[in-house]
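Listed below are the residues making up each chain.
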Amino acid sequence: MRRVKKSVVVVTMMLFSMMLFSMMLFSMTNVHAANKKLKVNKVYTTTKKIKGKTKKKYLIKVKIGKKIYKKKASSKGNFSIKIPKQKAGKKIKIKVYRRKNKKWKLYTTKIIKVKKKKISVKKYPGKEEAIDLEQVKKDLATGKEISKGETALGKGHYYYLMNFGGLKGDALIGYVNDYIDIDTDGEYVTMKAINGAKLYYTVAGASEKSMTQLEEPTFNSEHLEPRQKVVFSCYDFNKNANRGGLYLKVHAYKNGKLIAISYESHYMIHMIPGFYY
């Protein structure tokens, strides 16, 4: 009886030792696999090169469908392999080989999935975000034409136009048409402050001075409270009948913030008495 018990104990210890050895072997294998070096950058629908890093001088093979693209890693382990653009969801297999006994042996494998490239939508400033007046002055001073944002006419469109049409000193900044309503019929230019804006402005006829010579509006300049309007007449500003036009610089403020700027030339011309079409 004692011999049977002793045998059972011995068998049990042997089984336990074998299980422990198997667990240690499995753990060592996993650690070895985890230590294998292969880093691959994300691949998008716009990607033309698969880039990554492994061990130096190792061979990388990229399999896409039936085609294989291969290249050796650099002395620092970096690699870059040209590929055609792929569709989102496409799986790409990457295998790395090491040189041993004059033969290439598989080192590690990785499968990556092509991701759809998100197109970033350009965010324009909000309608009541403050404008950097000093930056506007610097951009105007370059004399170059600058066009950013939406250039469509009408309300609800953001503008950042500088020296447009080759006219130095011209500018439209912010959601101009949402706060500064300007209308001209040739004889008169009517300006109105809308949507709660307060307007400060300076004005001059084209025969008096150029847009660049016209003073910047300040809090001491003429102004319009919300909903107020002012009318400019060609007979007051166009003293020289051969030079039409009205130069108008306007700053729109709301809640204490500069939210729109309009520096524009507006069409005006003397109507000759008794002359009609």
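Everything below is about the structure printed above this text.
A quick note: this is a predicted structure, and the numbers were derived from the prediction, not measured.

1. A word on the layout of surface pockets
Approximately 150 Å³ is the volume found for the largest pocket. Lining the largest pocket are 14 residues, with Ala-130, Ile-131, Asp-132, Tyr-158 and Ile-173 positioned closest to its centre. Going through the elements one at a time, helix H2 (133–141) and strand S10 (171–174) are the ones with two or more residues in the lining of the largest pocket. Grouping the constituent residues of the lining of the largest pocket by class yields nine nonpolar, three polar and two charged.

2. Comments concerning the packing of aromatic side chains
For any pair of aromatic rings, the description rests on two quantities: the centre-to-centre distance and the angle between the ring planes. This model, assessed by the stated rule, comprises seven aromatic pairs. Seen in terms of ring centroids, Tyr-158 and Tyr-175 are 5.7 Å apart; in terms of plane orientation they differ by 55 degrees. Their pairing is tilted. Taken together, the positions of Tyr-158 in the loop between strand S8 (146–149) and strand S9 (159–162) and Tyr-175 in the loop between S10 and helix H3 (176–179) put the pair 17 residues apart, joining distant regions of the chain. Exposure remark for Tyr-158: the relative accessible area of 11% places this residue in the buried category. Judged by centre distance (5.0 Å) and plane angle (50 degrees), the ring pair of Phe-219 and Tyr-253 falls under tilted. Placement of Phe-219 in the loop between strand S13 (198–205) and strand S14 (222–224) and of Tyr-253 in strand S16 (residues 246–254) is noted, with a sequence separation of 34 residues between them. Put simply, the rings of Tyr-124, Tyr-158 and Tyr-175 touch in pairs and so form one group of aromatic residues. One residue, Lys-61, lies across the ring of Tyr-97, its end atom 5.0 Å from the ring centre.

3. Description of the pattern of salt bridges
This structure, assessed with the given rule, holds seven salt bridges. Glu-128 serves as the salt-bridge partner of Lys-254, at 3.1 Å between the closest nitrogen and oxygen. On the criterion of sequence distance, the pair formed by Lys-254 in strand S16 and Glu-128 in the loop between strand S7 (103–113) and H2 is long-range, its members being 126 residues apart. For Lys-254, a relative accessible area of 19% puts it in the buried group. A salt bridge links Lys-249 to Glu-216; the shortest N-O distance between them is 3.2 Å. Of this pair, Lys-249 sits in strand S16 while Glu-216 sits in the loop between S13 and S14, placing them 33 residues apart in sequence.

The rules behind the values
Residues numbered from 1 in each chain as written. Predicted model: local features only at pLDDT ≥ 70, side-chain atom pairs only at ≥ 80, totals over all residues. Heavy atoms only, no water. 1 Å grid on protein atoms, 1.4 Å probe; cavity = no way out; pocket = protein on both sides within 12 Å on 5 of 7 lines; lining within 4 Å. Points joined across faces, edges and corners; volume = space filled by probe spheres on them. Helix = DSSP H or I, 4+ residues; strand = E, 2+ residues; numbered from the N terminus. Nonpolar A, V, L, I, M, F, W, Y, C, P; charged D, E, K, R; others polar. Phe/Tyr/Trp six-rings, centres within 6.5 Å; stacked < 30°, edge-to-face > 60°. Buried < 20%, exposed > 50% of the residue type's maximum accessible area, 1.4 Å probe, protein only. Lys NZ or Arg CZ within 6 Å of the ring centre and 35° of its normal. Salt bridge = Lys/Arg side-chain N within 4 Å of Asp/Glu carboxyl O.

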